[in-house]
Amino acid sequence: QVQLVESGGGLVQAGGSLRLSCVASGRTFSSYAMGWFRQAPGKEREFVAVIRWSGANTYYADSVKGRFTISRDNAKNTVYLQMNSLKPEDTAVYYCADKTNYSGTYYPVSYRKYDYWGQGTQVTVSS
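All of these numbers come straight from a predicted model, not from anything done at the bench.

A.B. asks: Looking at this structure, I do not really get the sheet that holds strand β7 (residues 68-73). What am I missing?
C.D. replies: Note on sheets: strands pair through backbone hydrogen bonds, and any given pair is parallel or antiparallel. With respect to topology, four strands assemble into an open sheet ordered β1-β3-β8-β7, the strand pairing being antiparallel. Two strands in the sheet have a free side with no partner beyond their single neighbour: β1 (2-7) and β7. Strand after strand, the sheet turns through a mean of 15° between neighbouring axes, direction not considered. As judged from the six bridges shared by strand β3 (residues 18-26) and strand β8 (residues 78-83), these two strands associate in the antiparallel manner. Of the residues in β8, the one forming a bridge with Leu18 is Met83.

Structure, rendered in structure tokens:
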């Protein structure tokens, strides 16, 4: 029902910046929030940030607070993740995800709460 396409990943040195984009299409009218997750090899999928479509309220994982900024452009059905001061430990495949109708959690941080996923974009931070 919803298609998500991420872009913007790449290789960057520590301290650098990247901006990821995620374009949503399809039946997005019932979307509640968009989240960014990341997964490094051998590790569980980790919450990064979430933004609600209505009100643009945001919430971040402690590990990225002050460095990453999630934003959205409603007219373009696009969410962004601006990543500054990147660290090698930020290296992972980054996924955007859509959570449809509200189901009791204002800021869903569990990947199990999300209904649609993009294919992911690789972010590699070298030291």
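A.B. asks: Just to check I follow, could you spell out the packing of aromatic side chains for this structure?
C.D. replies: Two aromatic rings are characterised by how far apart their centres lie and by the angle between their planes. Under the defined criterion, the tally for this structure stands at nine aromatic pairs. Ring centres 5.1 Å apart and planes at 80° place the aromatic pair Phe37 and Tyr114 in the edge-to-face group. Here the residue Phe37 occupies a position in strand β4 (residues 33-39), and Tyr114 occupies one in the loop between β9 (92-99) and β10 (116-117), the gap between them amounting to 77 residues. Judged on exposure class, the residue Phe37 and its partner Tyr114 are both buried. Taken together, a centroid distance of 5.6 Å and an interplanar angle of 20° make the contact between Tyr59 and Tyr107 stacked. A residue pair is termed long-range when its members are at least 10 positions apart, and Tyr59 in strand β6 (residues 58-60) and Tyr107 in the loop between β9 and β10 qualify at 48 residues. For Tyr59, a relative accessible area of 36% puts it in the partly exposed group. In textbook terms, an aromatic cluster arises when at least three aromatic residues are bridged by ring pairs, as seen for Phe37, Phe47, Tyr59, Tyr95, Tyr106, Tyr107, Tyr114 and Trp117. For the cation-ring pair, Arg45 lies above Trp117, with the distance from its terminal atom to the ring centre recorded as 4.6 Å.

A.B. asks: Quick question: what am I supposed to make of the nonpolar core here?
C.D. replies: Soluble globular proteins tend to bury their nonpolar side chains together. By size, the foremost hydrophobic cluster in this structure holds 35 residues, and its most contacted members are Met34, Trp36, Val48, Phe68, Leu81, Met83 and Tyr94. Breaking this core down by element, the ones donating at least two residues are β1, β3, β4, β5 (46-52), β7, β8, β9 and β11 (121-126). In terms of residue count, β5 provides more of this core than any other element does, five residues in total.

A.B. asks: Help me understand the pattern of salt bridges in this model?
C.D. replies: Side-chain pairs of opposite charge can arise whenever the charged atoms involved come near each other. Scanning the entire structure with this criterion turns up four salt bridges. Residue Asp90 is joined to Arg38 by a salt bridge in which the shortest nitrogen-to-oxygen separation is 2.8 Å. Note that Asp90 is positioned in the loop between β8 and β9 and Arg38 in strand β4, a separation of 52 residues in sequence. Each member of the pair Asp90 and Arg38 is classed as buried. With a closest N to O distance of 3.1 Å, Lys65 and Asp62 form a salt bridge. A residue is classified by how much of its surface remains accessible, and Lys65, at 44% relative accessible area, is partly exposed. Among the ionic contacts, a cluster of salt bridges with common partners joins Arg38, Glu46, Arg67 and Asp90.

About the criteria used
- Residues numbered from 1 in each chain as written.
- Predicted model: local features only at pLDDT ≥ 70, side-chain atom pairs only at ≥ 80, totals over all residues.
- Heavy atoms only, no water.
- Pairing = 2+ DSSP bridges.
- Helix = DSSP H or I, 4+ residues; strand = E, 2+ residues; numbered from the N terminus.
- Axes fitted to C-alpha atoms, helices over the stretch in contact; angles between N-to-C directions.
- Phe/Tyr/Trp six-rings, centres within 6.5 Å; stacked < 30°, edge-to-face > 60°.
- Buried < 20%, exposed > 50% of the residue type's maximum accessible area, 1.4 Å probe, protein only.
- Lys NZ or Arg CZ within 6 Å of the ring centre and 35° of its normal.
- Core = buried A, V, L, I, M, F, W, Y, C linked by side-chain atoms within 4.5 Å.
- Salt bridge = Lys/Arg side-chain N within 4 Å of Asp/Glu carboxyl O.

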